[in-house]
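# Coordinates in review
Here's the letter readout for the chains.
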Amino acid sequence: MALTVDFDAEELWLAEDPANAARPGVLSQARYGAQIAVPQLLDMLARLDIPATFFVCGGDAERYPAILESVAGRGHEIGHHGFTHRSPHLMERDEEAAELERGLKVLRRFTDRVEGYRSPSWDISPNTLDLLVANGFRYSSNMMDAITPYAHPGHDLVEIPVHWSLDDAPHFWFDATSWDRTIRSAREVAELWSEETSAIHEAGGLVTLTVHPQIIGRPGRLRMLERFLTSVRERDRIWFARCGEIAGAVRGAASGTAATAGDASGALS
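Each chain has its residues counted from 1, following the order in which its sequence is written. Restriction of local features to residues with pLDDT of at least 70 applies here, the model being predicted, together with a cutoff of 80 or more for giving and counting side-chain atom pairs; totals for whole chains, interfaces and linings are based on all residues. The side-chain figures draw on all heavy atoms in the structure; neither hydrogens nor water molecules are used.

We now examine the overall build of the protein chain. Across its full length, the protein chain carries twelve helices and eight strands. Throughout, the radius of gyration refers to the C-alpha atoms, and the reference size of a globule is 2.2 Å times the residue count to the power 0.38. Here the C-alpha radius of gyration of the protein chain, 18 Å, is about what a compact globule of 269 residues would show, namely 18 Å. Based on the C-alpha atoms only, the size of the protein chain along its principal axes is roughly 55 × 45 × 35 Å. For each residue, the accessible area found with a 1.4 Å probe, counting protein chains only, is set against the maximum for its type, and the residue is called buried under 20%, exposed over 50%, and partly exposed in between. Buried positions account for 51% of the 269 residues belonging to the protein chain. We call two residues in contact whenever any of their non-hydrogen atoms come within 4.5 Å of each other. Expressed as a percentage of contacts within the protein chain between residues at least 6 apart in sequence, the contacts between residues at least 24 apart total 68%. To be clear on the numbers: accessible area is Shrake-Rupley with a 1.4 Å probe, and residue cover counts the displayed protein chains and nothing else. If you sum the accessible surface of the protein chain, you get close to 12400 Å²; carbon and sulfur atoms cover 50% of it. Labels follow the DSSP assignment, with helices taken as runs of H or I lasting at least four residues and strands as runs of E lasting at least two, numbered in each case from the N terminus.

Before going further, it helps to spend a moment on the confidence of the model for the protein chain. Across the protein chain, the average pLDDT comes to 92, with 93% of residues at or above 70. When the criterion is pLDDT under 50, residues 258-269 qualifies, and its contacts beyond four places in sequence or with other chains add up to 14 contacts. Within a predicted model, pLDDT stands for the predictor's per-residue confidence, ranging from 0 to 100.

Before going further, it helps to examine the packing of helix H2 (residues 24-48) against helix H4 (residues 65-73). H4 packs onto H2 with a crossing angle of 5 degrees between their chain directions and a minimal axis gap of 11 Å. Comparing the axis directions of H2 and H4 gives the class roughly parallel. Between H2, through Ala 34, Val 38 and Leu 42, and H4, the contact on the second element is made entirely by Ile 67, Ser 70 and Val 71. When residues are sorted by character, Ala, Val, Leu, Ile, Met, Phe, Trp, Tyr, Cys and Pro go into the nonpolar class, Asp, Glu, Lys and Arg into the charged class, and all the rest, Gly among them, into the polar class. Residue composition of the contact of H2 with H4, by class: five nonpolar, one polar and no charged. Lines are fitted to the C-alpha atoms to define the axes, a helix being fitted only along its stretch in contact, and any angle between axes, read from their N-to-C directions, falls within 0 to 180 degrees. When describing relative orientation, an angle under 35 degrees is termed roughly parallel and one over 145 degrees roughly antiparallel, while 65 to 115 degrees is termed roughly perpendicular and anything else oblique.

The next subject is the pairing of strand S1 (residues 2-7). Along S1, six of the six residues are buried, which leaves the element largely enclosed by surrounding structure. Pairing of S1 with strand S8 (residues 208-211), which is carried by four bridges, proceeds in the parallel orientation. Following the sheet pairing, Ala 2 is matched in S8 by Thr 208. As judged from the five bridges shared by S1 and strand S2 (residues 52-56), these two strands associate in the parallel manner. Paired with Val 5 across the bridge in S2 is Phe 54. For two strands to be treated as a pair, DSSP must find at least two bridges joining them.

Stacked, tilted and edge-to-face pairs are distinguished by plane angle, under 30 degrees for stacked and over 60 for edge-to-face with tilted covering the rest, among Phe, Tyr and Trp rings (Trp via its six-membered ring) whose centres lie within 6.5 Å. The final tally for this structure, using the stated rule, is six aromatic pairs. Ring plane angle 20 degrees and centroid distance 5.4 Å describe the contact between Trp 13 and Trp 173, whose orientation is recorded as stacked. One end of the pair, Trp 13, is in helix H1 (residues 10-16); the other, Trp 173, is in the loop between helix H7 (169-172) and helix H8 (186-202), and 160 residues separate them in sequence. For Trp 13, a relative accessible area of 11% corresponds to the buried category.

And the structure:
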């Protein structure tokens, strides 16, 4: 199981609408995620002894350097989530390349190893995989075509697959413009996540859970998340790992240096 945290604070709202820069009420949601939710998430992960991968927008890393220092200092992985939160498919190749390079430059202030990339909204362009290889990335986490990690054909990248069902945003996001999206209860989401997790584990797959501090960080949802992770933690043969470690296990298995992901997990126990 990979617990992944998409830390897209103000950059999320600025990408949605640049005019949000002049709407402090809207941006306060982002500040809640950074200032309240992330410290509580880090404390929870310490209690449960679970590592995580934080995918971070470069602009938010610049905005909240102390948060990034805390994430890295607690031993969690930092991955690339764009510099802004704009989707690569909206960019020309040169602009997308500049976005990647700018984000890398910022994130490398906090860690020597930025190995993975997750696009805003998992929305990549026809150029993205080529650009990831050119910039030395080792894995991508954007595709929904599998429940097990795999090596990309034609690219020296491992894919850590994802799905909307194991993301907090589709269930908890509220659309204040149309009012068409209602907020689900934490109980409903916990039931859905538990069902999907059990089925994936029975199939021998990887559960990639995606949460956003400004969404999961409400008190009742954090309580649900801790109960859910605790229940998963109590199962046999569950390996909690950073995405970079999972990608390393896939590469090792392909080269014959590691038989299974479980072998690699021994280094964490």
